[in-house]
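For reference, the chains in residue letters:
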Amino acid sequence: MKAAEVPYLPTELAEVAWQPVVNCVFASLQPGEVLTPTETGPEFEIRALNVARAIHDPLFLQGSVMVDGVEHDGIFSSDDSINCYEFTTLRTKAKAEHDSEKLRKIIQRLSRVPANSFKSIVGWFVTREEPTADQREAVRKESAKSSPHPAKIHCISIRTLQRRLVDVGGYLRARDNYPFGSVGFSPASGTTDVDQQFIAREQALNVRGIVEQLMAGRRILLHGQFGVGKSHALRKLYLLLRASYAKNPEEQRFPLHINLRDCIGLRSPAEILRRHAEEIGFEGERSLISAWRAGACILLLDGFDEVTPTRWLGSVSDLRTVRWQALDPVRKLIQDAPGDTGIAVCGRAHYFTSLVECRDALGLGAGDLELELTDFDAVQVQRFLSASSSDLPEWLPTRPLLLAYLLNSGALASLSGRSEVSTAAAWDKLLNEVCAREAKVLSGVRPDTVKAILARVSTLARSRGEALGPVSMSQMEQAFYEINGRRPDDEGIQLLLRLPGLTSLAENSDRLEERVFADQALSDVAFGHDLAQYISSPYQGHPLAQPASWVHASSELSLAVAAHVLTESGASVGAVKAALKHRDTQELHDAVLADLVGVADEIGAEIKAPGYLIEGVYFDYLSVGDSVTLPLLHIKDSIIETLDLSGVPSSAESPQFDNCLIGFVDGVSDIPPFLAGNFRDCEVQGYSLASHTTSGLSQLPLPRETIVALTILKKVYAQRGSGRKEGALSRGLNQTDRQIVPDVLTQLVSKNWLSRVGRGATTLYLPVKGRRQGAMQALETPASFRI
């Protein structure tokens, strides 16, 4: 008999396995006698057969066979043993008698084959639930009928059989004690866990919904930006699947959770499973391979974006090939698993150019479920922090990882709106934590290097005209070179592909390998760091030493972070002044010079006349009353979206504006006569209503405390930013009203209208999350407002 004449033998094993199968099992067949596979049995029989097959791999018969007109659920042969199986979901004694008789007869027949003389031949009667006492006794009696030696027949449950495949309990205990991926946020003390939503085109699922899909054998791609909680969610999936398995091990598969970042450089699924067993301290590495092949587990694969390639050809043009090669063993792990195996694989989708490439590289089909995890909404933030909306600073991020870092680092010592940590200090701490987390993934990269590269990328992104980018791979490679003095190697490319805060352009873009910042605040904080680096050494070697190719002045957050970094590093006020003087000497009157003036104001540097010319710059917001440096500026041919002139007492305390376009002037209903000379050939598109100015509010027939409170709320909530200085909140008020400002501020803070933070010797007042709408409503209907 040749391999091609064994129709029931799997084709891929025929060449290596047909000879021992024919010799050991079917040598007693009469000439012309043919074995044919029977129809596939119920789901339990299929699962049990897969478990048995994995135990006896690699030599096996797949599916049940007919011998002498009698169906047998499975017969497996190796060099030293033959194992015969019958599976049942019935709990009757008659079924046990019938199947054990079949096992006894086939064992007797195989024992008569000379080639099997030195092989152990065992029968297995396998039940879905634990066998009854009657079933065990029936199998024992049938086994004893054999002569001269009793047939060896075991009566066991599928759970016991599966223990022969893998020690599930031992695996789960070992897995519980090993870190889960890049889990970076978990409910801290005093917080509440949040059941996040995964968004798909056709539906939204929570974690329990995904568990149901996995238990039904669905394959799922989970993706999201950095810090949205992908690893945390995958850990929750593991815990729920673990609990489900513990309740019903006879029916449920156990969860096999693998950190893909532990599998760098591996080439096959078997190597991944062996490495996983080694990392968690589980001795049964071969049994995990068998469990995977048998479909006895649900695969949870965390971090497809953390798998580096074994080699890189050195050009960003072959990134698609790099990603395909890096994920080859993961792709095989998914594709070679039995078709009914539930699989969830998660990572950052922007690692790829598109979700189509992502699915292809992972071996997922168009019909597999694709889910995106997004940031917290306002309600989830409140629940996570166990706080009400009125307790939270308005600048608070909504990304789960960032919230957890703030809590766990102590940066939010109090969520009652009275934290002494400044916004800039909190965001600086966040960036440090994020970069430290990324550095853990790649052994050869330090957190400071990650931060410096991200900061430089934020600068290069601005060179394209917008703070968010886009930035090309060649620019990111340039940033790596400028920071490290060398071209990126394998780990360097991996770092660039997964830089935190970046995401891919739209899939229909023709610039698929370009990235943009997904988070405005993180982009601003990163740029603040690079701006501080430039200020420390403004003379050569830094991109900011060149003329700015963008027109937008930086946000208050960028300026505050730069000032914070300089202060923390011990840089003197003289460093800022030197950078200003050098840039002015180079006649660079651009957005970077405007940023230097802003940092000088934040850091408290006193700039003397004659001041500086700023030309061709776009300002989103300028508050003249808050600054001691702005009056020294001559702003020419620029655009200012909002100009706040609240409380400017004289022309000497205002910049000169020449040929500027001003969208909205806040704080006055027209340019005051004493400021008219400061505005030459300027176009103003709108002013505050007279009733909304400080002067207009002061004339309302309301208690003086209410008027002062409304004036303060207007100044603080007029523009999103890093806060208003305490001194600026008294500007424009008469002497009597100024005296009650401290008491009003205390009341506004105590009633969660404002939060008070310290920044050096300066006290800032910030908006409170969720109170902006109420503040605006109070200004619209001031008579109804009460402190």
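## Considerations on the sheet that holds strand β16 (residues 612-615)
The strand order across the open sheet formed by four strands is β16-β18-β20-β22, and the pairing between neighbours is parallel. Only two strands of the sheet have a single partner each, and these edge strands are β16 and β22 (679-680). Bridge count for β16 against strand β18 (residues 633-636) is four bridges, and the pairing is parallel. Among the inter-strand pairings, Tyr 612 is bridged to a residue of β18, identified as Leu 633.

## Notes on the sheet that holds strand β5 (residues 120-127)
As summarised here, the arrangement of the four strands in space is β3-β4-β5-β6, forming an open sheet in which the pairing is mixed. Both edges of this open sheet fall to β3 (74-77) and β6 (152-157), since each of them pairs with a single strand only. Across the sheet, the mean angle separating the axes of adjacent strands is 20° when strand polarity is ignored. Each of β5 and β6 is contacted by helix α4 (residues 133-144), which is oriented at about 170° to β6, the strand it contacts most.

## Side note on the packing of aromatic side chains
Within this structure, the stated rule accounts for eight aromatic pairs. Ring geometry for Phe 180 against Tyr 238: centres 5.0 Å apart, planes inclined by 50°, an arrangement best described as tilted. Highlighted residues: Phe 180 in the loop between α6 (168-176) and β7 (198-199) and Tyr 238 in helix α8 (residues 230-247), separated in sequence by 58 residues. Relative accessible area serves as the criterion here: at 7%, Phe 180 is assigned to the buried category. We classify Tyr 238 as buried; its relative accessible area is 0%. Cluster of aromatic residues (ring-pair linked, three or more members): Phe 76, Tyr 85, Phe 87 and Trp 124. Its guanidinium or amino end placed over the ring of Phe 180, Arg 175 lies 4.1 Å from that ring's centre, counting from NZ or CZ.

## Thoughts on the pattern of salt bridges
Inspection of every chain in the model, using the stated rule, returns 20 salt bridges. As a salt-bridge pair, Glu 130 and Arg 136 come within 3.3 Å of each other at their nearest N and O atoms. With a relative accessible area of 36%, Glu 130 lands in the partly exposed category. A salt bridge links Asp 328 to Arg 331; the shortest N-O distance between them is 2.9 Å.

## Considerations on the side chain of Arg 253
With respect to the secondary-structure elements, Arg 253 resides in the loop between α8 and β10 (254-259). For Arg 253, a relative accessible area of 13% translates into the label buried. Polar contacts involving the side chain of Arg 253 include one to the main-chain carbonyl oxygen of Gly 295, which spans 2.5 Å. In terms of polar contacts, Arg 253 uses its side chain to reach the side chain of Asp 340, at 2.8 Å. Residue contacts for Arg 253: discarding those within four places in its chain leaves Tyr 245, Gly 295, Ala 296, Cys 297, Ile 298 and Asp 340.

## Considerations on the packing of helix α25 (residues 704-717) against helix α26 (residues 735-750)
Close contact between α25 and α26 brings their axes to 9 Å; oriented N to C, the two are set at 70°. Between α25 and α26, the angle is such that the two are roughly perpendicular. For the pair α25 and α26, the contacting residues are Arg 704, Glu 705, Val 708, Ala 709, Ile 712 and Leu 713 in the first and Asp 737, Ile 740, Val 741, Val 744, Leu 745, Gln 747 and Leu 748 in the second. The residue makeup of the contact of α25 with α26, split by class, is nine nonpolar, one polar and three charged.

Definitions and limits used
Each chain has its residues counted from 1, following the order in which its sequence is written. pLDDT decides what is reported in this predicted model: residues at 70 or higher carry local features, side-chain atom pairs at 80 or more are listed and counted, and totals for whole chains, interfaces and linings draw on all residues regardless. Only hydrogens and water are removed before side-chain values are computed, so all heavy atoms of the structure are retained for them. By this definition, two strands are paired if DSSP reports at least two bridges between them. Runs of H or I in DSSP of at least four residues are treated as helices and runs of E of at least two as strands, each being numbered from the N terminus. Geometry is summarised by axes, namely lines fitted to C-alpha atoms with helices restricted to the contacting stretch, and by angles between N-to-C directions that run from 0 to 180 degrees. The contact criterion used throughout is that any non-hydrogen atoms of two residues lie within 4.5 Å. Two aromatic rings, drawn from Phe, Tyr or Trp (for Trp, its six-membered ring), form a pair once their centres lie within 6.5 Å of each other, and the interplanar angle then sorts them: stacked below 30 degrees, edge-to-face above 60, tilted otherwise. Residue exposure (1.4 Å probe, protein chains only): buried if accessible area is under 20% of the type maximum, exposed if over 50%, otherwise partly exposed. We call a charge positioned above a ring when the Lys NZ or Arg CZ atom is no farther than 6 Å from the ring centre and deviates by at most 35 degrees from the ring normal. Whenever a carboxyl oxygen of Asp or Glu lies within 4 Å of a side-chain nitrogen of Lys or Arg, that contact is scored as a salt bridge. Identification of polar contacts relies on pairs of N or O atoms within 3.5 Å, with a donor-acceptor requirement for protein atoms, meaning one able to donate a hydrogen and the other able to accept it, and with residues adjacent in sequence counted only if both atoms are side-chain atoms. In this scheme, roughly parallel covers angles under 35 degrees and roughly antiparallel covers those over 145, while 65 to 115 is roughly perpendicular and the rest are oblique. Three classes are used: nonpolar for Ala, Val, Leu, Ile, Met, Phe, Trp, Tyr, Cys and Pro, charged for Asp, Glu, Lys and Arg, and polar for all others, with Gly counted as polar.

Interpretation in functional terms is not warranted from these geometric data alone.
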